[in-house]
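Fold and geometry: a report
Spelled out, the chains give:
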Amino acid sequence: MRACLITALLRGLATLPLGWNRRLASAVGWLLTVLPNALRRHSAANIRLCLPELDAPAQRRLLNRSIVETCRTAFEAGPLWLWPEARIRPLMGEALDVEPVDTAVRAGRGVILATPHLGSWEMAGHFCALRWGITNLYRPPRIPELDTLIRRGRERLGARMAATDARGIRRLYQALAAGAVIGILPDQDPGDDGGVFAPFFGVPANSMVLLGRLARKTGAAVFFGFCERLPGTQGYRFHFLPAPDGIADPDPAVAAAAMNRGVEACVRRCPEQYQWSYRRFRTRPSGAAKIY
């Protein structure tokens, strides 16, 4: 029943023009900025931790804007999974600093794209699929009945999905060995699956070691990227950044710290579109107080 309701909602949102979809998301986001809820609480905690240089009014403004953008991310999933390619392509605006990625792809050395939970990662996946073809690592949904909808929505423009299991990891290595492009969300807490604590905005965060291991073992080029959601109905703009030094360091903690610096560089370009509601610090060092 839950899967049916979510599917119906996604299909309903896909019937709306982009402008109305965003207006509706903004209205829901505004309600979430004034009503007590976990999304607001977790976002506020993360902003206080990560951006202490902002005064209280600036933190509140960022909090409110980020909640609205988080709602827009959720509401645009239906359209981006279900709209035809002819309707999606015109929304893809300029791609900034993409030439080094193109050069690495042409060289055939394999490319790792680290795309944080920033802006529209669904549109980022479509852009990369159309431009290069891409194999994306993804975590299957908690509601298994939604898996087919999500996979079809993300793969229909040429992407391939690899689940976060041993078979999926092998597919990533195989893609890189063939000189292809893979995509990873680098700012997830790996939990009990393994990770190391590395600074994220100066706060120890349980961080994945997979990205650094892939870069070290394959010699692939690493870039960070995100898709900025533009105002109104203007569509989207894409940003690409080189990976910080140390991303392939043999010390997992050094590589993870470089990875986190890459995520920070992306977030600082567009902080209001980062998913601050994600409980990035739910795993704490031994003896440290809980944050959420």
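So, how was this worked out
Residues numbered from 1 in each chain as written. Predicted model: local features only at pLDDT ≥ 70, side-chain atom pairs only at ≥ 80, totals over all residues. Heavy atoms only, no water. Helix = DSSP H or I, 4+ residues; strand = E, 2+ residues; numbered from the N terminus. Rg over C-alpha atoms; globule rule 2.2 N^0.38 Å. Buried < 20%, exposed > 50% of the residue type's maximum accessible area, 1.4 Å probe, protein only. Contact = heavy atoms within 4.5 Å. Lys, Arg positive; Asp, Glu negative; His and termini not counted. Charge placed at Lys NZ, Arg CZ, Asp CG, Glu CD. Pairing = 2+ DSSP bridges. Right-handed = clockwise from strand over helix to strand, strands pointing away. Disulfide = S-S within 2.5 Å. Core = buried A, V, L, I, M, F, W, Y, C linked by side-chain atoms within 4.5 Å.

**Digging into the overall build of the protein**
Assigned secondary structure in the protein consists of 12 helices and nine strands. Its C-alpha atoms give the protein a radius of gyration of 19 Å, near enough to 19 Å, the size a compact globule of 292 residues would have. With the C-alpha coordinates aligned to their principal axes, the bounding extent of the protein is approximately 50 × 45 × 40 Å. Put simply, the protein has 292 residues, and 53% of those count as buried. The contacts in the protein between residues at least 6 apart in sequence include a share of 75% that link residues at least 24 apart. If the 39 positive side-chain charges of the protein are averaged to one point and the 24 negative ones to another, these points end up 5 Å apart.

**Some remarks on the side chain of Glu122**
Residue placement: Glu122 occurs in helix α8 (residues 121-131). Contact partners of Glu122, with chain neighbours within four places excluded, come to Leu80, Trp81 and Arg154.

**Re the pairing of strand β3 (residues 135-138)**
Neither face of β3 is open: one carries Thr135 and Leu137, the other Asn136 and Tyr138, and all of them are buried. The pairing of β3 with strand β4 (residues 160-163) spans four bridges and is classified as parallel. The residue bridging Asn136 from the neighbouring strand is Met161, located in β4. You can see the chain leave β3, run along helix α9 (residues 147-155) and come back into β4, and the turn it takes is right-handed. Pairing geometry for β3 and strand β5 (residues 181-184), over two bridges, is parallel. Paired with Thr135 across the strands is Ile182, a residue of β5.

**Focus: the state of the cysteines**
Under the criterion given, the structure shown has zero disulfides. With no disulfide of its own, Cys270 lies closest to Cys227 among cysteine sulfurs, the gap being 9.6 Å.

**A look at the nonpolar core**
Formed by 41 residues in total, the largest nonpolar core has its most connected members in Ile112, Ile182, Ile184, Leu211, Leu214, Phe224 and Trp276. Here Ile182 is in contact with Val111, Ile112, Leu113, Ile134, Thr135, Leu172, Ala175, Leu176 and Leu214, once residues within four sequence places are set aside. Grouped together as the second largest cluster of nonpolar side chains are 29 residues, Val101, Leu113, Phe127 and Ile134 included.

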